[in-house]
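Spelled out, the chains give:
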Amino acid sequence: DGTLHWTVKGKGTDIVFTFDPDIKDAKYVNLNLGDVKGRIVYDDGKEVLYFKEIKGTQGRLDLTANGYINLNDSEDINMDVKIPKGTVQDLAKILSTYIYKAIPWYPPELTGQMSGLVKISGKTSTDQLSVLGDVKLTGVDYHYEGFTSIALKTGYVRGAFVAQDI
């Protein structure tokens, strides 16, 4: 559900497609992003997909993504995702397609607030992809075991899930 305004400009191989989505319950590469607005630009001549001020809201989690994916032979990816506020539960919902396959013991009862910056880099192939976040968790609770504050680096690095610098 939602709207998509788009434009096409250019000639020959120098064509640029611009998309301005305003979508409810958006999904992209198996991520459940929730409500999404922003600008996506595909430069056909450069074979690059740009994400500009993509704002997403999943439950109480807000995020803003900026960066690019090279769709040419280099397959480079470079994106930053800022999460100024959100909940652990809402992040788990965004990542649910991946998290429960990779970590079958992941506790869905885990609660808490979070914020952070996620850096996506490397190549589009999962064995060369890095999705690493500097995350701060507060008010974390799991079956009445609580933590006031936790800071860590966590994510997916070249085929493996990681949590470090806790």
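Residues numbered from 1 in each chain as written. Predicted model: local features only at pLDDT ≥ 70, side-chain atom pairs only at ≥ 80, totals over all residues. Heavy atoms only, no water.

Peer 1: How would you explain the overall build of the protein if you had to name every residue and give the values?
Peer 2: When you go through the protein residue by residue, the secondary structure sums to two helices and 10 strands. If you list the helices and strands of the protein from N to C, you get β-β-β-β-β-β-α-α-β-β-β-β. By residue count, 31% of the 166 residues in the protein fall in the buried class. Within the protein, counting contacts between residues at least 6 apart in sequence, those at least 24 apart form 37% of the total. Carbon and sulfur atoms make up 57% of the accessible area of the protein, which amounts to about 10200 Å² in all. (Helix = DSSP H or I, 4+ residues; strand = E, 2+ residues; numbered from the N terminus. Buried < 20%, exposed > 50% of the residue type's maximum accessible area, 1.4 Å probe, protein only. Contact = heavy atoms within 4.5 Å. Areas by Shrake-Rupley, 256 points an atom, 1.4 Å probe, with all protein chains shown as cover.)

Peer 1: Which residues make up the pairing of strand β3 (residues 31-43), and what are the values?
Peer 2: Taken together, the nine bridges between strand β2 (residues 14-28) and β3 define a ladder with antiparallel strand orientation. Bridging across to β3, Asp22 finds its partner in Lys37. Sheet topology note: the β3/strand β4 (residues 48-58) ladder contains eight bridges and is antiparallel. Bridge pairing in β4 places Val41 opposite Tyr50. Between the end of β3 and the start of β4, which pair antiparallel, lie four residues, with Glu47 showing a positive phi angle near 55°. (Pairing = 2+ DSSP bridges.)

Peer 1: Lay out the side chain of Asp43 in plain terms, naming residues and giving numbers.
Peer 2: Note that Asp43 resides in strand β3. It turns out Asp43 is buried and unbridged, and the closest side chain with the opposite charge, Lys46, is 4.3 Å from it. From its side chain, Asp43 meets the backbone nitrogen of Gly45 in a polar contact 3.1 Å long. (Lys, Arg positive; Asp, Glu negative; His and termini not counted. Salt bridge = Lys/Arg side-chain N within 4 Å of Asp/Glu carboxyl O. Polar contact = N/O pair within 3.5 Å; in protein donor to acceptor, adjacent residues only side chain to side chain.)

Peer 1: So what about the sheet that holds strand β6 (residues 76-87)? Which residues, and what values?
Peer 2: In space, the 10 strands of this open sheet follow the order β1-β2-β3-β4-β5-β6-β7-β8-β9-β10, with antiparallel pairing throughout. The sheet is open, and its two borders are formed by β1 (2-11) and β10 (160-164), each paired with just one other strand. The average angle at which neighbouring strand axes cross in this sheet is 15°, direction not considered. Two strands pair when backbone bridges link them, and strand β5 (residues 61-70) and β6 are joined in this way by seven bridges, in the antiparallel orientation. Bridge pairing in β6 links Ile69 to Ile77. (Axes fitted to C-alpha atoms, helices over the stretch in contact; angles between N-to-C directions.)

Peer 1: Tell me about the packing of aromatic side chains, and name the residues and values.
Peer 2: Inspection of the entire model under this criterion finds three aromatic pairs. Ring centres of Tyr100 and Tyr106 lie 5.8 Å apart, and the angle between their planes is 75°; this geometry places the pair in the edge-to-face category. When the ring centre of Tyr50 is taken as reference, the NZ or CZ atom of Lys52 above it lies at 5.7 Å. (Phe/Tyr/Trp six-rings, centres within 6.5 Å; stacked < 30°, edge-to-face > 60°. Lys NZ or Arg CZ within 6 Å of the ring centre and 35° of its normal.)

Peer 1: Any chance you could break down the pattern of salt bridges for me, citing the residues and the numbers?
Peer 2: One pass over the full model with this rule turns up 10 salt bridges. Between Arg39 and Asp20 there is a salt bridge; the shortest N-O distance is 2.7 Å. Of this pair, Arg39 sits in strand β3 while Asp20 sits in strand β2, and the two are 19 residues apart along the sequence. For Arg39, a relative accessible area of 37% corresponds to the partly exposed category. Given the relative accessible area of 21%, Asp20 is considered partly exposed. Between Asp134 and Lys153 there is a salt bridge whose closest N-O contact spans 2.9 Å. Residue Asp134 is found in strand β8 (residues 129-142), and its partner Lys153 is found in strand β9 (residues 145-157); the two are separated by 19 residues along the sequence.

Function-wise, these values are silent; they only describe arrangement.
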